[in-house]
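Chain residues, written in single-letter form:
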Amino acid sequence: MRMKARATMVALVPALLFAAVGCSSTNTPATGKAPDPKGSAGSASAAPGVPAPSAAAAGSAAPKTGGSRLERSALAQGDLPGYQVSAQGKNPNAPDGQPQADKKACQPLADVMGDKPDPSARETVSRGIGSRKQLGLAVSASVSSYSESDAKALISRLKAAVAACGSGFSAKVEKQAGAYREIRPADYRTGGDESVSWTMTAAAEGVSAQVHLVVVREGDTVVRLTALNVAGAAQQKAQVPQEVADKQLEKIQKTR
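Let us look at the structure shown here. What you are looking at is a predicted structure, and each value in this text was computed from that prediction instead of being measured. (Residues numbered from 1 in each chain as written. Predicted model: local features only at pLDDT ≥ 70, side-chain atom pairs only at ≥ 80, totals over all residues. Heavy atoms only, no water.)

1. Focus on the overall build of the protein
Here is step 1 of the chain: Scanning the protein from terminus to terminus reveals 6 helices and 9 strands.
Here is step 2 of the chain: Looking at the protein as a whole, 54% of its 256 residues qualify as buried.
Here is step 3 of the chain: A fraction of 67% describes how many contacts in the protein between residues 6 or more apart in sequence connect residues 24 or more apart.
Here is step 4 of the chain: When the accessible surface of the protein is split by element, carbon and sulfur atoms take 49% of a total near 10,500 Å². (Helix = DSSP H or I, 4+ residues; strand = E, 2+ residues; numbered from the N terminus. Buried < 20%, exposed > 50% of the residue type's maximum accessible area, 1.4 Å probe, protein only. Contact = heavy atoms within 4.5 Å. Areas by Shrake-Rupley, 256 points an atom, 1.4 Å probe, with all protein chains shown as cover.)

2. Description of helix 5 (residues 148-164)
Here is step 1 of the chain: For helix 5, built from 17 residues, the straight-helix expectation of 24 Å at 1.5 Å per residue is met to within 8% by its first-to-last C-alpha distance of 25 Å.
Here is step 2 of the chain: Those residues of helix 5 that fall on the buried side of the exposure criterion are Ala-151, Leu-154, Ile-155, Leu-158, Ala-161 and Val-162. End-on, the buried residues of helix 5 take up no more than an arc of 130°, which puts them together on one face. Pointing more than 90 degrees away from the buried face of helix 5 are the exposed residues Ser-149, Ala-163 and Ala-164. (Expected span 1.5 Å × (residues − 1). Arc of directions from axis to C-beta.)

3. Some remarks on unusual backbone geometry
Here is step 1 of the chain: Despite not being glycine, Glu-182 has its phi angle at roughly 50°, a positive value.
Here is step 2 of the chain: Checked against the element boundaries, Glu-182 lands in strand 6 (residues 176-185).

4. Side note on the nonpolar core
Side chains of a nonpolar character, in soluble globular proteins, are inclined to be buried together.
Here is step 1 of the chain: Judged by nonpolar contacts, the single largest core of 29 residues is most densely connected at Leu-109, Phe-169 and Trp-198.
Here is step 2 of the chain: If you tally residues by element for this core, the top one is helix 5, at 6 residues.
Here is step 3 of the chain: Discounting residues that sit within four places of it in the chain, Leu-109 has contacts with Leu-158, Ala-161, Val-162, Cys-165, Phe-169, Ile-183 and Trp-198. (Core = buried A, V, L, I, M, F, W, Y, C linked by side-chain atoms within 4.5 Å.)

5. Looking at the pairing of strand 8 (residues 207-218)
Here is step 1 of the chain: The buried count for strand 8 comes to 11 of 12 residues, which makes it a mostly enclosed element.
Here is step 2 of the chain: Bridging between strand 7 (residues 194-204) and strand 8 involves 11 bridges; their strand directions are antiparallel. Following the sheet pairing, Ser-195 is matched in strand 8 by Val-216.
Here is step 3 of the chain: Sheet analysis places strand 8 next to strand 9 (residues 221-229), joined by 8 bridges and oriented antiparallel. Within strand 9, the position partnered with Leu-213 by the bridge is Thr-226.
Here is step 4 of the chain: Counting the residues that bridge the hairpin from strand 8 to strand 9 gives 2 residues, and of these Gly-219 lies at a positive phi of roughly 65°. (Pairing = 2+ DSSP bridges.)

6. What to know about the pattern of salt bridges
Two side chains bearing opposite charge may form a pair once their charged atoms approach each other closely.
Here is step 1 of the chain: In this structure the tally under the stated criterion is 10 salt bridges.
Here is step 2 of the chain: Arg-157 serves as the salt-bridge partner of Asp-118, at 2.3 Å between the closest nitrogen and oxygen. You can see Asp-118 sitting in the loop between helix 4 (107-111) and strand 3 (123-131) and its partner Arg-157 sitting in helix 5, a full 39 residues away along the chain.
Here is step 3 of the chain: With relative accessibility at 3%, the residue Asp-118 sits in the buried group.
Here is step 4 of the chain: The partner of Arg-189 in a salt bridge is Asp-246, with the nearest N and O atoms 3.7 Å apart. (Salt bridge = Lys/Arg side-chain N within 4 Å of Asp/Glu carboxyl O.)

7. Notes on the side chain of Ser-144
Here is step 1 of the chain: As for its placement among the helices and strands, Ser-144 is situated in strand 4 (residues 137-145).
Here is step 2 of the chain: At 2.8 Å, the side chain of Ser-144 forms a polar contact with the side chain of Thr-124.
Here is step 3 of the chain: Excluding anything up to four places from it in sequence, Ser-144 contacts Leu-70, Pro-117, Ala-121, Glu-123, Thr-124, Asp-220, Thr-221 and Val-222. (Polar contact = N/O pair within 3.5 Å; in protein donor to acceptor, adjacent residues only side chain to side chain.)

8. Here's the deal with the pairing of strand 6
Here is step 1 of the chain: In this sheet, strand 6 lies alongside strand 5 (residues 169-173) in antiparallel orientation, the contact comprising 5 bridges. Opposite Val-173, over in strand 6, you have Gln-176 as the bridge partner.
Here is step 2 of the chain: Between strand 5 and strand 6, which pair antiparallel in sequence order, lie 2 residues; one of them, Glu-174, sits at a positive phi of approximately 50°.
Here is step 3 of the chain: Strand direction decides the pairing type here: strand 6 and strand 7, joined by 5 bridges, are antiparallel. Paired with Pro-185 across the strands is Trp-198, a residue of strand 7.

9. Side note on helix 6 (residues 242-255)
Here is step 1 of the chain: Here helix 6 is 14 residues long and its end C-alpha atoms lie 20 Å apart, about the 20 Å a rise of 1.5 Å per residue gives.
Here is step 2 of the chain: If you check which residues of helix 6 are buried, you get Val-244, Ala-245, Gln-248, Leu-249, Lys-251 and Ile-252. Viewed end-on, helix 6 has its buried residues packed into an arc of 155°, placing them on one side of the element.
Here is step 3 of the chain: For helix 6, the elements touching its buried residues are helix 3 (69-73), strand 1 (83-86), strand 3, strand 4, strand 8 and strand 9.

All quantities given are derived from atomic positions and should not be read as evidence of function.
Structure representation (structure tokens):
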């Protein structure tokens, strides 16, 4: 994947997905660079189809075990056998803020690709998750605090946007732009009070990838789960692992 294309893809999907790529292989070739300790997705430059070296070896930050209720409810290393969980800082080269869609009806889908699920989130804690069982699968998981009415409104807006935006839309963050195509509702079993799930193809600078998203409301807390397969062909589907969703909801319920 070219460096410029990779940097643009960071604007299309949460940057922690690319931090998680480094966690997805325990048998990595010597070629390529590891992500830097700050979570720079753009520094990973392995050959196409080859997962980057382990983020742990590069000094990735361990998730905090204390702190706020939201921090305690986020996934931590050891919660998920077969996965590595990191709490790397944001890529300093990634754009800030929420992507802006070219279609008003699709703005909720652009928002959910930003730093937080939408502007009404009060606080967001994010994790990068790499699978040791499925090489190339990168997952991001975030938990956000809301007023309960805002959390309910978010799920409603996302459901409406998925229904309205099947033909796709484009979005821009600062000067970086990309497109989302083939947006389709997806069946996905999850706990929580209500949820919405969909798949789509994200494309930028000649690079495309299948993306799966699940957004769940549990009271006034919103879970955002995103999966991307970076090792396979663009047509290869990705899915948020069921055990990741289940464990994240379990931790939220326990901390409540």
